[in-house]
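The chain contents come next:
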There are 2 protein chains.
Amino acid sequence: MAVTGRPRGFDTDQALDAAVDVFWRRGYDGASVSELTAAMGIKPPSLYATYGDKAQLFQAALRRYVERNMGYVTDALAQPTARGVAEAFLTGNALAVTMPGSPAGCLSVQAAVATEGSTQLALLTENRTRIQSLFADRFRRSVERGDLPADEDPDELAAFLITVTSGFAIRAADGAPREVLLAMARRAMVNFPGEHSALSPTDHRPTDPKEPTHA
Amino acid sequence: MAVTGRPRGFDTDQALDAAVDVFWRRGYDGASVSELTAAMGIKPPSLYATYGDKAQLFQAALRRYVERNMGYVTDALAQPTARGVAEAFLTGNALAVTMPGSPAGCLSVQAAVATEGSTQLALLTENRTRIQSLFADRFRRSVERGDLPADEDPDELAAFLITVTSGFAIRAADGAPREVLLAMARRAMVNFPGEHSALSPTDHRPTDPKEPTHA
DNA sequence: TGACTTATGTAGTGATCACTAAGAAAGTAG
DNA sequence: CTACTTTCTTAGTGATCACTACATAAGTCA
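Residues numbered from 1 in each chain as written. Chains lettered and ligands numbered in written order. Predicted model: local features only at pLDDT ≥ 70, side-chain atom pairs only at ≥ 80, totals over all residues. Heavy atoms only, no water.

Scanning chain A from terminus to terminus reveals ten helices and zero strands. The secondary structure elements of chain A, listed N-terminal to C-terminal, are α-α-α-α-α-α-α-α-α-α. For chain A, with 215 residues in total, the buried portion stands at 48%. A sequence separation of at least 24 residues applies to 66% of the contacts in chain A between residues at least 6 apart. (Helix = DSSP H or I, 4+ residues; strand = E, 2+ residues; numbered from the N terminus. Buried < 20%, exposed > 50% of the residue type's maximum accessible area, 1.4 Å probe, protein only. Contact = heavy atoms within 4.5 Å.)

Quick look at the protein's contact with DNA strand D now. Taken together, 24 residues are adjacent to DNA strand D, and V33 and K54 of chain A together with G5, G9 and S46 of chain B come closest. Contacts to DNA strand D include S34 of chain A, whose side-chain N or O atom sits 3.2 Å from a phosphate oxygen. Separating a phosphate oxygen of DNA strand D from a side-chain N or O atom of S46 of chain B is a distance of 2.9 Å. Taken together, the elements giving at least two residues each to the surface near DNA strand D come down to helix 2 (33-40) and helix 3 (44-51) of chain A together with helix 3 (44-51) of chain B. Element by element, the count of residues in the surface near DNA strand D is highest for helix 3 of chain A, at three residues. Looking at side-chain class alone, the surface near DNA strand D contains ten nonpolar, eight polar and six charged residues. (Near = heavy atom within 4 Å. Polar contact = N/O pair within 3.5 Å; in protein donor to acceptor, adjacent residues only side chain to side chain. Nonpolar A, V, L, I, M, F, W, Y, C, P; charged D, E, K, R; others polar.)

In the vicinity of DNA strand C there are 24 residues, among which G5, R6 and G9 of chain A together with V33 and K54 of chain B approach most closely. Atoms of DNA strand C within 4 Å of the protein belong to the sugar or the phosphate in 72% of instances, the rest to bases. Take S46 of chain A: an N or O atom from its side chain is 3.0 Å from a phosphate oxygen of DNA strand C. In this structure, a phosphate oxygen belonging to DNA strand C sits 2.8 Å away from a side-chain N or O atom of K54 of chain B. If you list the elements that add at least two residues to the surface near DNA strand C, you get helix 3 of chain A together with helix 2 (33-40) and helix 3 of chain B. Tallying contributions element by element places helix 3 of chain B first for the surface near DNA strand C, with three residues. Looking at the surface near DNA strand C residue by residue, the classes come out as ten nonpolar, eight polar and six charged.

Residue and element names in this part refer to chain A. It is the contact of helix 2 with helix 3, at a shortest axis distance of 9 Å, that shows an interaxial angle of 90°. Accordingly, the angle class assigned to the pair helix 2 and helix 3 is roughly perpendicular. Side by side, helix 2 and helix 3 meet where V33, L36, T37 and M40 of the first sit next to P44, L47, Y48 and Y51 of the second. (Axes fitted to C-alpha atoms, helices over the stretch in contact; angles between N-to-C directions. Parallel < 35°, antiparallel > 145°, perpendicular 65-115°, else oblique.)

Before going further, it helps to spend a moment on the environment of M70 of chain A. Residue and element names in this part refer to chain A. Residue position: M70 is located in the loop between helix 4 (54-69) and helix 5 (71-77). Here the alpha-carbon distance between M70 and G92, two residues 22 residues apart in the chain, equals 8.6 Å. Sequence-distant contacts of M70, that is, excluding residues within four places in its chain, are made with Y65 and I131.

Attention shifts here to helix 1 (residues 12-30) of chain B. Residues and elements named next belong to chain B. Compared with an ideal rise of 1.5 Å per residue, which puts 19 residues at 27 Å, helix 1 spans 22 Å between its outermost C-alpha atoms and falls more than 12% short. A maximum bend of about 80° is found in helix 1 at W24. Of the residues making up helix 1, those classed as buried are A15, L16, A18, A19, V20, V22, F23, W24, G27 and Y28. For helix 1, the capping residue at the N-terminal end is D11, with a side-chain oxygen 3.2 Å from the backbone nitrogen of D13. (Expected span 1.5 Å × (residues − 1). Bend = angle between axes of the 7 residues up to and from the residue.)

Take the UniProt feature "DNA-binding region" (unreviewed entry) in chain A next. Taken from the UniProt record, the annotation "DNA-binding region" (unreviewed entry) applies to residues 32-51 of chain A. Within residues 32-51 of chain A, the helical portion is 80% and the strand portion 0%, while the C-alpha atoms at the span's ends are 15 Å from each other. (UniProt positions renumbered as here; feature names shortened; annotations may be inferred.)

For helix 10 (residues 178-190) of chain A, with 13 residues, the first-to-last C-alpha span of 19 Å sits near the 18 Å given by 1.5 Å per residue. Among the residues of helix 10 of chain A, those classed as buried are L181, A183, M184, A185, R187, A188, M189 and V190 of chain A. Where the residues of helix 10 of chain A are buried, they touch helix 6 (82-96) and helix 9 (154-173) of chain A together with helix 9 (154-173) of chain B.

Attention now moves to the environment of D75 of chain B. Here D75 of chain B lies in helix 5 (residues 71-77). As for D75 of chain B and G92 of chain B, which are separated by 17 residues in sequence, their C-alpha atoms are 8.7 Å apart.

With respect to the secondary-structure elements, A88 of chain A resides in helix 6. The partly exposed category is assigned to A88 of chain A, whose relative accessible area is 23%.

The next subject is the side chain of N127 of chain B. Residue and element names in this part refer to chain B. Relative to the elements of secondary structure, N127 occurs in helix 8 (residues 119-144). At 3.1 Å, the side chain of N127 and the side chain of R130 are in polar contact. Ignoring any residue separated from it by four or fewer positions in sequence, one finds N127 in contact with V66 and S108.

Here is the structure:
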């Protein structure tokens, strides 16, 4: 890019990783520029010259976080059956929000809380909504292929998954251990339509075939 | 108590309600003292003389919030069956976090802004943990009475409920409508052990925000 | 070499943060 | 009335916020 001028004295990707970590632990408002620059190993002018401002740095950090820490979403969407999709998503999320060496919880949830009226809140809500629609589309295809019963609502199933994983993020930040979240992932899967896999240890109880409460 | 001196020029409970609203919408760190005093209709010295400091005001606001907006917890715990407890809790929470006239979501979740290492974060985590243990104890009694299968883990069931409602809070703050959360409450109940009740799926409880619900 | 370009460190900017000193205001008690 | 107590308003405190002006450092190119 710049063929001339003083070369940059730090690695932009490495610094962005440090910013991700700070935003992850502290949220958007909680992460001060001085804390960010300290973690990134640079001074404020370098931050602003490279990334724009705090909001743009956060957006870059969020993109990088999605790339590096939410790969389980793509993996889940690629599963062959709707149940497999849901199972992989819940399990992958439970693992991701309790990953040793990373802050507990999810950057997207941690940073969103308590910033009403902020542009960043809209960004994060949009991120969750986008992921939810990816799952809804995936489940719609499953209905078309007969992989899901026709009376199941793909949007409701997707909303259920996003809601459960949002709860995982909160509970992980509260300190819930990984095995507790995994147990809840299994429990949440009990009522998910489709063939139950042989791995589910909560299948010792007969599950009612159909949702009995519907208007 | 003060029989002498200049009388206080504002209503402390009314001002506290205004503080609850600000903390609910903005979180702990996001709520500035100037925004709080503006909403409460008082000046900073009155705030500090009456409530101590911002942290103590928040704690008082949290207590008041629990009293006035989490009565559904007490109501749920009083239900005769374990399933009824879970059903009332999920439904009550779904209604509470989407109450017209109140901020969407839950103060306890919204305020837990990623202030890692903050005393307020510990307070809120503790609040959730305490509620979870109330449900766990309730389910333990159900197991003893045969109301729940003996192979069900009361702690896991309680954790499941808290996780789902934590997700409700996030999704409500994202703008999820009430009926979507109620649908997910019904779905989450499908895998809850016990006899399925003839629950009417649309519980038309009045949406009066002034309902006094403390035990 | 010296002109040019870009990045860097120093040292701030005004705004806002939580919080408070000081004294006037408003009540009761004698 | 004067004393006393408490709350009020005014006007700040130092600290930190996101952000930047400015000069210098460090590279390329003639």
